[in-house]
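Take a look at the letters that make up each chain.
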Amino acid sequence: MWNETTHVVAKLPAMRRHWVGIDYGTSNPIAALLLGHGVDDRLYVCAEWRHDGRATHRQMTDARYSAAIRGWLSELGIAPEWTSIDPSAASFSVQMWQDGHDGLAKATNDVGDGIRSVSSALAAGRLLVHESCEGLLSEMPSYAWDRKASDAGQDRPLKVDYHSVDALRYVVHSTAHEWRHLLTLPAIPERPRAPSGSRL
């Protein structure tokens with residue numbers, strides 16, 4: 001369902017609410033996405049924080065990850081209602097809780113249903129991504145089903161360049177009960193990509 005021409009935006013409207021999704025990694029990248037519910041009743045991936053220890057040759061502890069993500073949200077001036085964290089990241093979740101990050105929850109990690117939630121929102125024109133989210137934008141075109149798994153009757157994406165996309169799946173699917181009613185509203189026509197402008 002992904003189409004860069006119609007799903008990437010340069011400007012963001014005012015937001016009613018915010019949520020965060022985090023895909024955790026130590027040697028692999030860690031990615032955090034800020035999802036907003038706009039006043040125009042669309043969902044927007046407003047911003048992204050990402051660290052790749054392998055590329056930077058600089059590993060970070062859970063405490064440093066926690067401080068960096070909380071600092072990122074503070075710079076944006078955002079206090080998300082919920083932060084859905086990779087359910088395999090138990091130690092990191094504990095660190096975030098100890099550091100006073102409110103609204104923590106284990107992300108819903110049903111891969112097939114999560115992909116369907118993201119696909120439904122994209123298809124309805126209800127999910128857009130800000131052009132600053134470079135990690136997510138680089139991963140979206142290559143996110144694909146594993147053909148060998150499909151031949152075996154399993155729905156599973158390829159585990160290549162998927163960290164920001166997993167963060168998207170976590171935050172979108174874990175908050176689906178908050179926004180799914182938007183899919184029953186009249187369809188939004190596709191629009192061309194706007195020229196570069198303000199972010200938040």
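The structure we're discussing is the one just above.
No experiment lies behind these values; they were computed from the predicted model shown.

Parameters at a glance
- Residues numbered from 1 in each chain as written.
- Predicted model: local features only at pLDDT ≥ 70, side-chain atom pairs only at ≥ 80, totals over all residues.
- Heavy atoms only, no water.
- Phe/Tyr/Trp six-rings, centres within 6.5 Å; stacked < 30°, edge-to-face > 60°.
- Helix = DSSP H or I, 4+ residues; strand = E, 2+ residues; numbered from the N terminus.
- Buried < 20%, exposed > 50% of the residue type's maximum accessible area, 1.4 Å probe, protein only.
- Contact = heavy atoms within 4.5 Å.
- Salt bridge = Lys/Arg side-chain N within 4 Å of Asp/Glu carboxyl O.

Trainee: Help me out: how do you make sense of the packing of aromatic side chains in this one?
Mentor: Aromatic rings considered in pairs are described by the distance between their centres and by the relative angle of their planes. What the rule picks out here adds up to 4 aromatic pairs. On the numbers, 6.4 Å between centres and 80° between planes, the contact of tryptophan 49 with tyrosine 65 is edge-to-face. Pair noted here: tryptophan 49 is in strand β4 (residues 43-51) and tyrosine 65 is in helix α3 (residues 62-76), with a separation of 16 residues, a long-range link. Taken as a pair, tryptophan 49 and tyrosine 65 share a single burial class, namely buried.

Trainee: Looking at this structure, how should I read the environment of isoleucine 85?
Mentor: Along the polypeptide, isoleucine 85 turns up in strand β5 (residues 82-85). Under the relative-accessibility criterion, isoleucine 85 is labelled buried at 1%. Residues in contact with isoleucine 85, not counting those within four places in the same chain, are Ile22, Phe92, Ser93, Met96, Leu104, Ala105, Lys106 and Ala107.

Trainee: Any chance you could explain the pattern of salt bridges here in plain terms?
Mentor: Pairs can form between side chains of opposite charge whenever their charged atoms are close. Within the structure shown, the criterion is met by 8 salt bridges. Aspartate 41 is the partner of arginine 16 in a salt bridge, and the nearest nitrogen-oxygen pair spans 2.6 Å. A residue pair is termed long-range when its members are at least 10 positions apart, and arginine 16 in strand β2 (residues 15-23) and aspartate 41 in the loop between β3 (30-38) and β4 qualify at 25 residues. Judged by relative accessible area, aspartate 41 falls into the partly exposed class, the value being 21%. Residues glutamate 81 and arginine 17 are paired through a salt bridge, measuring 2.8 Å at the closest nitrogen-oxygen approach. Note that glutamate 81 is positioned in the loop between α3 and β5 and arginine 17 in strand β2, a separation of 64 residues in sequence. Its relative accessible area of 35% is what places glutamate 81 among the partly exposed residues. Overall, arginine 17 belongs to the partly exposed group, its relative accessible area being 22%.

Fair warning: the whole summary comes from geometry, so function is off the table for now.
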